[in-house]
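Chain by chain, the residues:
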Amino acid sequence: MYRGRGFYLEGKTPMETNELEKIRIEKIHQMRAAGLEPYPTRAEPTLAIQGAVNAFLKAEADGGDAVISTTLAGRVRSLRLMGKLAFAHIEDGSGRVQLMLRVNEVGEALMAQLRDYYDLGDFVEANGTLMRTKTNEVTLLVSSLRMLAKAVTPLPAAKDEVVDGEVVRHATLSDPETRYRQRYADLAVNPEVREVFRARARITRALREFLDERDFIEVETPILQPIYGGAAAKPFVTHHNQLKQDLFLRISFELYLKRLLVGMFRGVYEIGRDFRNEGVSFKHNPEFTQLEFYWAYADYLKVMDLTEEMVRFVAQAALGTTIIAYDGNTIDLTKPWQRLNLRQALLDATGIDIAACPDDASLAAAMKAKDLPFKPGSTRGKLIDGLLGDYLEPTFIQPTFLYDYPRDISPLAKSKPGDPTTVERFEGFIGGMELCNAFTELNDPLDQESRFLEMGRDYEDDDEERHPMDEDYLRAMSYGMPPNGGFGMGIDRLTMLLTDRKTIREVILFPHLREREED
RNA sequence: GGGUGCGUAGCUCAAUGGUAGAGCAGUGGCCUUUUAAGCCAUUGGUUCAGGGUUCGAGCCCCUGCGCACUCACCA
C-alpha cells in the first residue's frame, strides 16, 4: 500500500511517519545529544566483506594461525542482544559476515549504544579480528563499532536463514508493486534481484566486447529527433521551448546509424534506449534498451551467422554456459539455430501459401476460408505479421531464424532478387519470443524514396504509425551507401532469456508503472 | 482500452454478514557463543478510497484508484 510521506523536522509535526520510524528518529536525536554522529562523513573499511572472509579462509587453509585484523562496513541484517554478549550479521553487497561483541572487549558503554541506538538496516563500521565461533561460523570479533548511516525506515525483510551456505528468506518482500515502485528496498533485501542486474551488466559488457573485437565502433546518435523512423511504432512527442520545435523521442537508431556507413565507418553499433508510445505487457516497456549494428559489405546471411556467434558468446561470458533454462525449457545455444523460410513455415503451420496471395484481398480471403481471425482492412504484410505472431512465434522455443519477409512491412530492407513482394529480412526467436530483427539494408536511394512514398499511402488513415519521409536520410543514401547488413536486438528480452525472468519488469530496474495520486 | 482476479499491522498472511488475528519486526525485562527468532512479556489497524444495502460490512452492491493475469496494439 502506498502512503504519502513527509519529512520529520525537529519541532515540526511528523507527517505520515509511522511508529517504527518515530522511534528511530528519536534515536537519531538521542545519539546527537550523546555526542555521537549518526551520519559521519567518511567510512574507512579496509576490505569488502567477502574479501575479508576469503582472506580468512585462505589463511585457515594454509594452516597458519594468522590473525586477520580488519575494518568492515555494511548494513545490519540481524541483531541478537544478550546482555554482555551480542551477535549481528552485516552485509555489504559483496557478502555477509557475523559480528560478535563481548562486553569485556568493547566495554559497557558500547554495549549500551548497541542496545539503545542500533537497528536492523543501519549501516555500520566494525573493527576487529576474524575468528570462528563455537558453531563454526566465520565471525568478526569486534573491538570497536560505529554508526555509518542510521536507517529511519525499517527494511521489509523478516528473517534470513543460512542452510548449507544458501540464504533462505522468510516472509520477504514479494508484493510486485512495492518491489517495482521501491526497487531500492527490493534490491536491499532480495539478493537474487541484485544478481539479475549484475547479469544484465555482464550481458551488455559482453556485447560490447564481441563487437569491439570485430572492429565495430560504438557511437551515440540523437534521442531527440525532428523526424522519427526506423520502425513501425508510435512515438513520444516533446517540445524544445527556445527553438519552438516539436521533437520525437527515437523509436529506433536505424536511420542515423546507416548515415554513418555513408560516412565511411565499416561497422557501427549503438546500445541505448528506444521509446515507443504503445501498450505495456510482460515483454513491452515504454522505454527499452536496444542494440543495433550496421555492417558494411555484409548481408542478412552473414548477420545470421554473426548473431548465432554473438548470442553464444554473451551467454558464455555472462553465465558461463551456452545451455540455458528458460520457463521450464532447456535451450541450447551451442547448436546452430533452426532456419526457416517464412513462406514455408506459414504454409506448414496454417496451410496458407502467402506466395499464392500476392495482395491484401487474396490473403484476407484465404484466411477467411480457413476461419483464421484477422483485422479487416489490414495490408498483406500486416496480415502475414499477424499470422506469424499467432502461429509461429510461440512455437519457437529453441533458437530459430525466420527469413524472407513481405516487402510492405519492411520499408528499409532490400528486395530479394527476382521477388518483388519479398525482402531479405530475418527475425530471431528464442523461448517463444522475438529477440532480434535484421535485414540486408536497402541502399538504393531511388527504391528507398518510392518505399517512403508507398508507406505514406498505406498509412494515410493511420497517422501515428505512418513513416514520415526522411529527406536527409535519402540525401545521405544518395551520396552512396555501401551494401550492408543491419541488426537490432532487445537487450531487455535477451536478459529475460539469460536470467530466466518471465516479465520484462524483472530485468528493468525501474519499470514504468502508472503514476499514483498522492493525497 | 476490454475481460478476470486481487488490495487487511512495517513485512508475509488469517478472519460463515456478528468483539479484526498470527508469525516476524518494533517496545520492555533477563541473559558472556547465538544461528529461522536466545528466553519471557507486550504495543501496533481509517481492513486502498468514496458511496450504498443491513440492526450490524474486511466480507454483499456501485463508483474510483492501483497491481497481477489475459486480450488487443507493438519489439
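Note that the coordinates shown come from a computational prediction; the quantities given were computed from them, not determined experimentally.

Rules used throughout
Residues numbered from 1 in each chain as written. Chains lettered and ligands numbered in written order. Predicted model: local features only at pLDDT ≥ 70, side-chain atom pairs only at ≥ 80, totals over all residues. Heavy atoms only, no water. Core = buried A, V, L, I, M, F, W, Y, C linked by side-chain atoms within 4.5 Å. Buried < 20%, exposed > 50% of the residue type's maximum accessible area, 1.4 Å probe, protein only. Helix = DSSP H or I, 4+ residues; strand = E, 2+ residues; numbered from the N terminus. Near = heavy atom within 4 Å. Polar contact = N/O pair within 3.5 Å; in protein donor to acceptor, adjacent residues only side chain to side chain. Nonpolar A, V, L, I, M, F, W, Y, C, P; charged D, E, K, R; others polar. Pairing = 2+ DSSP bridges. pLDDT = per-residue confidence, 0-100. Contact = heavy atoms within 4.5 Å. Expected span 1.5 Å × (residues − 1). Arc of directions from axis to C-beta. Salt bridge = Lys/Arg side-chain N within 4 Å of Asp/Glu carboxyl O.

Caption draft 1: Looking closely at the nonpolar core. Core analysis: the largest hydrophobic core is formed by 45 residues, its most contacted members being Leu207, Leu291, Phe293, Met310, Phe487 and Met489. Among the elements that make up this core, the one with the highest residue count is helix α9 (residues 300–319) (nine residues). Formed by 31 residues, the second largest nonpolar core is a distinct cluster that contains Phe396, Ala413, Met477 and Met481.

Caption draft 2: Region of the structure containing the protein's contact with RNA strand B. Taken together, 55 residues surround RNA strand B, and among them Arg80, Thr135, His284, Glu434 and Arg493 come closest. The contact atoms of RNA strand B, taken as those within 4 Å of the protein, divide so that sugar and phosphate hold 61%. Take arginine 493: an N or O atom from its side chain is 2.3 Å from a sugar or linking oxygen of RNA strand B. The set of elements that each furnish at least two residues to the surface near RNA strand B consists of α1 (19–33), β1 (69–82), β2 (85–91), β3 (96–102), α3 (103–106), β6 (159–163) and α5 (176–181). Tallied by class, the residues present in the surface near RNA strand B amount to 17 nonpolar, 13 polar and 25 charged.

Caption draft 3: Molecular detail of the pairing of strand β11 (residues 245–249). Examined bridge by bridge, strand β9 (residues 224–225) and β11 share two bridges and lie antiparallel to one another. Bridging across to β11, glutamine 225 finds its partner in phenylalanine 248. Of the pairings in the sheet, the one linking strand β10 (residues 237–240) to β11 comprises four bridges and is antiparallel in character. Bridge pairing in β11 links valine 237 to phenylalanine 248.

Caption draft 4: Examining the confidence of the model for chain A more closely. Here chain A averages 88 in pLDDT, while 91% of its residues score no lower than 70. Low confidence marks residues 1–15, where pLDDT is under 50. Its contacts with residues over four positions away, or in another chain, come to 17 contacts. Across the whole predicted complex the pTM is 0.90, and at the interface the ipTM reaches 0.86.

Caption draft 5: Geometry of helix α12 (residues 380–392). Across its 13 residues, α12 extends 17 Å between first and last C-alpha, which sits within 8% of the 18 Å expected from 1.5 Å per residue. The complete set of buried residues in α12 reads Arg380, Gly381, Leu383, Ile384, Leu387, Leu388 and Leu392. Down the axis, α12 shows its buried residues gathered within 160° of arc, on one side only. Residues of α12 that are buried make contact with α10 (342–350), α11 (360–369), β17 (400–406) and β19 (419–430).

Caption draft 6: Here's a closer look at the sheet that holds β11. Sheet architecture is open: three strands sit in the order β9-β11-β10, paired in antiparallel fashion. Lying at the two open borders of the sheet, with one neighbouring strand each, are β9 and β10.

Caption draft 7: Seen up close, the pattern of salt bridges. Applying the stated criterion to the full structure yields 40 salt bridges. Here arginine 24 ties to aspartate 119 by a salt bridge, and the two come within 3.9 Å at their closest N and O atoms. In this pair, arginine 24 sits in helix α1 while aspartate 119 sits in the loop between α4 (108–117) and β4 (123–132), placing the two residues 95 residues apart along the sequence. Both residues of the pair, arginine 24 and aspartate 119, belong to the buried class. Close ionic contact of arginine 208 with glutamate 218 constitutes a salt bridge, the shortest N to O distance being 2.9 Å. Of the two residues, arginine 208 sits in helix α7 (residues 191–213) while glutamate 218 sits in strand β8 (residues 217–218), which places them ten residues apart along the sequence. Since its relative accessible area comes to 34%, glutamate 218 is described here as partly exposed.

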